[in-house]
Amino acid sequence: MFLYLSKLLPLFFYPLGLACVSLVVALVTLWKRPRIATIAITVALTLLLFCSNAWLAKSMVRSLEWQNFPPAPMPSAEAIVVLGGATKSGFPPRPTVDLSESGDRVIYAAQLYRQKKAPIIILSGGRIDWRGGGSPESADMANVLTSIGIPSEAIVQEPDSLNTYQNAINVRKILESRGIRQVLLVTSAMHMPRSLKIFQRQGINVIAAPTDFLVSQGELQELGSTPKAAILNLLPDTENLHQFTTALKEYIGTFVYRLRGWL
């Protein structure tokens, strides 16, 4: 039930969800209470315009992504841990498993393995049956890795976890059973601050190995590089709204996890 509510309730805190609620309120009150309807429409429009401009969206993303940069050079460890959220099930018409926007996690893990940064890759992630179903994400990630030449004997799957807290709990059991004390944690840069704290709370010696950075120094410089660019980046854009919402999701997740004592 917590998992279901954790996916459902935050929708009412995200810009698009709040805008939809405001528009419903406006529709209901339009004839009898036009003032309330006007306020509700104004709130919806303000949310969408404010949260879908590049200036705010990229600032939100940067505030999370730039907390943990990959060490240079990347140190060696005893295992590479990759968190789920990087694949789409191989349902037709897909010819095989697809990588999502976060698929950089799988590719980066393969690169680290080939650089001999660790002898095994632990893939952590199940699949929520009411969100598409299919094979566990750990199995999908394993299929991708073996298809690009990573030996199957170097891969350990953890197919049961459905959120980041369960990732840490289940991975800790694997590490304890194998006597592993230090790992490279691979996940998206925006997801890394929360993931790192959760794994550290479980007593795991973690080295952050973030990837999938959505905001770079060059992109930030381009925002206001010219007066035209500065104005255009104020205009609403669905990708900016998505990035803002994803960053907000991380902040809400951190707050909820802290309340539950998981951080």
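Structure shown above.
A look at the overall build of the chain
- For the chain, the helix and strand inventory stands at eleven helices and seven strands.
- C-alpha extents for the chain along the principal axes are approximately 65 × 45 × 40 Å.
- Within the chain, contacts between residues at least 6 apart in sequence are counted, and of these 72% link residues at least 24 apart.
- A total accessible area of about 14000 Å² is found for the chain, and carbon and sulfur atoms account for 61% of it.

Regarding helix H7 (residues 164–178)
- For H7, spanning 15 residues, the distance from its first C-alpha to its last is 21 Å, which sits close to the expected 21 Å at 1.5 Å a residue.
- Within the sequence span of H7, burial applies to Thr164, Asn167, Ala168, Ile169, Asn170, Val171, Ile174 and Leu175.
- Contacts made by the buried residues of H7 are with strand E1 (79–83), strand E4 (121–124), strand E5 (155–158), strand E6 (182–186), helix H8 (192–201) and helix H11 (238–259).
- At the N-terminal end of H7, a side-chain oxygen is found 3.2 Å from the backbone nitrogen of Tyr165, two or three residues along, and the residue is Asn163.
- Of the residues one or two after H7, Gly179 is the one with positive phi, at around 70°.

Quick word on the packing of helix H4 (residues 54–65) against H11
- The contact between H4 and H11 brings their axes to 8 Å, and the two run at 35°. As H4 runs across H11, the sense of the crossing is left-handed. Contacts between H4 and H11 involve Ala54, Leu56, Ala57, Lys58, Met60, Val61, Ser63 and Leu64 from the first element and Asn240, Gln243, Phe244, Ala247, Leu248, Glu250 and Tyr251 from the second.
- Of the residues contributing to the contact of H4 with H11, the split by class is ten nonpolar, three polar and two charged.

Observations concerning the packing of aromatic side chains
- Throughout the structure, instances matching the rule amount to four aromatic pairs.
- Seen from their ring centres, Tyr165 and Trp262 are 3.9 Å apart, and the 5° between their planes marks the pair as stacked. On the criterion of sequence distance, the pair formed by Tyr165 in helix H7 and Trp262 in the segment after H11 is long-range, its members being 97 residues apart.
- Given the relative accessible area of 11%, Trp262 is considered buried.
- Ring geometry for Tyr257 and Trp262: centres 4.9 Å apart, planes at 85°, overall edge-to-face.
- Judged by its relative accessible area of 7%, Tyr257 is buried.
- An aromatic cluster of at least three residues, connected via ring pairs, comprises Trp66, Phe69 and Phe213.
- We note Arg62 situated over the ring of Trp66; from NZ or CZ to the ring centre the distance is 5.7 Å.
- If you follow Arg194 out to its NZ or CZ, it ends over the ring of Tyr257, 4.9 Å from the centre.

Observations concerning a negative patch on the surface
- Negative charge collects at one region of the surface, where Glu101, Asp104, Asp237 and Glu239 lie side by side.
- Here Glu239 shows up in helix H11.
- Residue class for Glu239 comes out partly exposed when judged on its relative accessible area of 41%.

Observations concerning the environment of Glu222
- If you trace the backbone, Glu222 turns up in helix H9 (residues 217–223).
- Here Glu222 falls in the exposed class, since its relative accessible area comes to 51%.
- For the pair formed by Glu222 and Glu153, sequence separation is 69 residues and the distance between their alpha carbons is 45 Å.
- When neighbours within four sequence positions are excluded, Glu222 is seen to be in contact with Ala229 and Asn233.

Considerations on the packing of helix H2 (residues 15–29) against helix H3 (residues 34–51)
- Relative to each other, H2 and H3 sit at 160°, their axes nearing to 8 Å. The angle between H2 and H3 falls in the class roughly antiparallel. The crossing of H2 and H3 is left-handed. Of the residues in H3, those touching H2 at Pro15, Leu16, Leu18, Ala19, Ser22, Leu23, Val25, Ala26 and Thr29 are Pro34, Ile36, Ala37, Ala40, Ile41, Val43, Ala44, Leu47, Leu48 and Cys51.
- A class-by-class count of the residues in the contact of H2 with H3 yields 17 nonpolar, two polar and no charged.

Points about the environment of Ser22
- With respect to the secondary-structure elements, Ser22 resides in helix H2.
- With 23 residues separating them in the primary sequence, Ser22 and Leu45 have C-alpha atoms 9.3 Å apart.
- Apart from residues no more than four positions distant in its own chain, Ser22 is found in contact with Ala40, Val43 and Ala44.

Calculation notes
Residues numbered from 1 in each chain as written. Predicted model: local features only at pLDDT ≥ 70, side-chain atom pairs only at ≥ 80, totals over all residues. Heavy atoms only, no water. Helix = DSSP H or I, 4+ residues; strand = E, 2+ residues; numbered from the N terminus. Contact = heavy atoms within 4.5 Å. Areas by Shrake-Rupley, 256 points an atom, 1.4 Å probe, with all protein chains shown as cover. Expected span 1.5 Å × (residues − 1). Buried < 20%, exposed > 50% of the residue type's maximum accessible area, 1.4 Å probe, protein only. Polar contact = N/O pair within 3.5 Å; in protein donor to acceptor, adjacent residues only side chain to side chain. Axes fitted to C-alpha atoms, helices over the stretch in contact; angles between N-to-C directions. Left-handed = near helix turned anticlockwise from the far one by under 90°. Nonpolar A, V, L, I, M, F, W, Y, C, P; charged D, E, K, R; others polar. Phe/Tyr/Trp six-rings, centres within 6.5 Å; stacked < 30°, edge-to-face > 60°. Lys NZ or Arg CZ within 6 Å of the ring centre and 35° of its normal. Patch = residues over 30% accessible without salt bridge, like charges linked within 9 Å, V, L, I, M, F, W, Y side chains within 5 Å. Salt bridge = Lys/Arg side-chain N within 4 Å of Asp/Glu carboxyl O. Lys, Arg positive; Asp, Glu negative; His and termini not counted. Charge placed at Lys NZ, Arg CZ, Asp CG, Glu CD. Parallel < 35°, antiparallel > 145°, perpendicular 65-115°, else oblique.

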